[in-house]
Amino acid sequence: QKNVGILAMDIYFPPTCIQQEALEAHDGASKGKYTIGLGQDCLAFCTEVEDVISMSLTAVTTLLEKYGVDPKQIGRLEVGSETVIDKSKSIKTFLMQIFEECGNTDIEGVDSTNACYGGTAALFNCVNWVESSSWDGRYGLVVCTDSAVYAEGPARPTGGAAAIAMLIGPDAPIAFESKFRGSHMSHVYDFYKPNLASEYPVVDGKLSQTCYLMALDSCYKRFCNKFEKLEGKQFSISDADYVVFHSPYNKLVQKSFARLYFNDYLRNASSVEEIAKEKLGPFSALSGDESYQSRDLEKATQQVAKHLYDAKVKPTTLLPKQVGNMYTASLYAAFASLLHNKNSTLAGQRAMMFSYGSGLSSTMFSFQLREGQHPFSLSNIATVMNVAGKLKSRHEFPAEKFVETMKLMEHRYGAKDFVTSKDCSLLAPGTYYLTEVDSMFRRFYAKK
Ligand code: ACO
């Protein structure tokens with residue numbers, strides 16, 4: 001099969017959100033800490049009528065409808081999520097309701113879990129399936145769905161929530177360059193969820209930042225090596241038109257891009273400008289460990305790479321800044337932002353993708369973008385996703401109401417025998433919502 005990749009996408013995020021400025025004031029954080037310090041604008045969250053299952057039901061249904069795909073045409077369905085609702089029953093099996101209705105129960109695939117990396121694992125599984133001898137000619141479907149919530153404290157403003165559905169097949173406008181993947185996997189305790197009674201993770205914030213940057217360096221080196229071996233020429237970020245990052249919060253994305261530029265400098269890439277070489281010279285002798293701790297290096301690299309960040313990264317930052325960390329969906333929401341902002345000029349260009357999941361697993365890979373054919377074209381994907389419309393029709397909650405919702409959700413997590421308010425007044429028509437969890441923990445959903 002040629003040009004296997006993403007044919008179609010849709011994204012769903014809760015219409016309920018809180019401005020970071022309001023949260024900052026409520027938390028008593030210094031002004032600008034969340035908006036400039038973390039680089040975030042707004043945070044979306046699930047109220048008691050939404051969860052990762054309802055969001056993914058919505059994303060899958062709307063994708064099938066809006067692109068006119070018959071549910072019988074799906075042969076593999078993979079879900080990436082780190083939001084555990086059941087330790088055995090996969091989210092994929094909940095989504096089977098949509099397909100059973102049409103008489104299609106012949107669908108391979110289950111859930112993949114490792115922090116924010118599960119969506120990428122699911123995506124690779126689907127792409128590999130289409131490229132394999134067990135492919136039966138039907139589409140693959142990947143769903144990334146997460147609700148990122150943190151206990152009160154410095155990590156809370158880095159929450160978010162969303163579900164993304166992606167249709168996988170040959171002749172895709174978003175085609176994988178499968179040969180150039182670079183991965184880095186390792187055993188660390190930077191962010192994990194050992195307490196099965198709580199939705200909140202245990203986070204070593206500082207360690208998670210360093211792990212992310214070390215994984216980025218490692219993946220980038222491997223990606224470059226593979227590219228150079230296969231193409232016979234050096235790779236540098238000048239060969240990527242856009243660089244898309246997993247985005248826990250925007251400040252880390254800014255630092256990450258600068259870090260790639262520093263890598264190019266250390267590898268003596270010809271694309272690094274003379275003025276930048278001068279500015280980075282004083283840091284060339286730093287050891288790896290020292291380089292992760294150096295504030296001066298961070299500042300210098302961000303400064304010399306600023307114009308490249310504006311061109312290659314900024315167009316990918318809209319949804320991650322507006323919605324927050326969407327865990328498995330974060331990287332693909334960043335990519336959706338790129339499609340939203342640049343869809344008419346992307347054909348023929350390359351996007352680099354960096355996926356990171358704490359614990360840790362990470363991969364750098366790339367897409368070759370092509371115009372595609374309706375309905376599977378870049379411009380139609382942007383139209384269907386309607387990012388601007390969805391952002392505009394949100395409802396801002398005051399901080400007190402957000403905190404109250406978080407408290408209620410703490411009680412609801414893992415609970416049984418309750419009915420929700422069934423209040424779907426804020427949800428768009430066609431959105432699924434949770435109505436009841438019965439005495440056997442069975443969950444029931446309705447569609448608005
Ligand atoms: N105005 C402007 N900037 C400010 C202000 C202010 N008033 N106050 C603080 N800042 C800056 C700080 O200088 C810092 O920026 P820098 O990194 O460029 O120095 C930034 O705001 C954050 O402040 P810190 O005090 O360094 O960190 P904090 O204790 O607030 O924690 C953290 C931030 C670690 C990101 C926390 O939110 C967290 O643990 N989040 C979850 C973990 C996470 O997302 N890790 C990333 C990878 S793993 C994953 O994807 C889950």
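Looking at an unreviewed UniProt entry, one finds the chain named Hydroxymethylglutaryl-CoA synthase, with Tetracentron sinense as its source organism. The annotation that UniProt attaches to the chain under Catalytic activity (unreviewed entry) is "acetoacetyl-CoA + acetyl-CoA + H2O = (3S)-3-hydroxy-3-methylglutaryl-CoA + CoA + H(+)". In UniProt, the chain has this text filed under Sequence similarities (unreviewed entry): "Belongs to the thiolase-like superfamily. HMG-CoA synthase family."

1. Focus: the domain arrangement of the chain
Accessible area lost upon the coming together of the parts is a frequently used measure of interface size. Each assigned domain of the chain is listed here: domain 1 (5-175 + 385-447) and domain 2 (179-371). Put simply, the middle of domain 1 and the middle of domain 2, counted by C-alpha atoms, are 24 Å apart. Of the residues lining the interface, 47 residues belong to domain 1; the matching set on domain 2 comes to 44 residues. Those elements that provide at least two residues to the side of domain 1 that touches domain 2 are β1 (5-12), β3 (42-44), α5 (118-130), β6 (139-148), β7 (160-169), β8 (174-176) and α15 (387-392).

2. Let's talk about the nonpolar core
Counting 136 residues, the largest nonpolar core has Ala162, Ile164, Ile168, Val244 and Ala333 as the members making the most contacts within it. Tallying contributions element by element places helix α6 (residues 205-231) first for this core, with ten residues. Three or more residues apiece are contributed to this core by two domains, here domain 1 (5-175 + 385-447) and domain 2 (179-371). If near-sequence neighbours (up to four positions away) are discounted, isoleucine 164 is found in contact with Met9, Ile11, Ala59, Cys144, Ala329, Tyr332, Ala333 and Ala336.

3. Here's the deal with the pairing of β1
Of all the eight residues making up β1, eight are buried; the element is thus mostly covered by neighbouring parts of the structure. Two elements, β1 and β8, share two bridges in a ladder whose sense is antiparallel. Paired with isoleucine 6 across the bridge in β8 is isoleucine 174. Of the strand pairs in this sheet, β1 and β7 are connected by seven bridges, and their pairing is antiparallel. Within β7, the position partnered with tyrosine 12 by the bridge is alanine 163.

4. Here's the deal with the sheet that holds β3
With respect to topology, three strands assemble into an open sheet ordered β3-β2-β17, the strand pairing being mixed. The open sheet has two edge strands, β3 and β17 (395-396), and neither has a second partner. Summarising the sheet, strand β2 (residues 16-19) and β17 pair through two bridges and their orientation is parallel. The residue bridging threonine 16 from the neighbouring strand is histidine 395, located in β17.

Conventions and cut-offs
Residues numbered from 1 in each chain as written. Predicted model: local features only at pLDDT ≥ 70, side-chain atom pairs only at ≥ 80, totals over all residues. UniProt positions renumbered as here; feature names shortened; annotations may be inferred. Domains from an automatic or database assignment. Contact = placed C-beta atoms within 7 Å. Helix = DSSP H or I, 4+ residues; strand = E, 2+ residues; numbered from the N terminus. Core = buried A, V, L, I, M, F, W, Y, C linked by C-beta atoms within 7 Å. Buried ≥ 20, exposed ≤ 12 C-beta atoms within 10 Å, placed from the backbone. Pairing = 2+ DSSP bridges.

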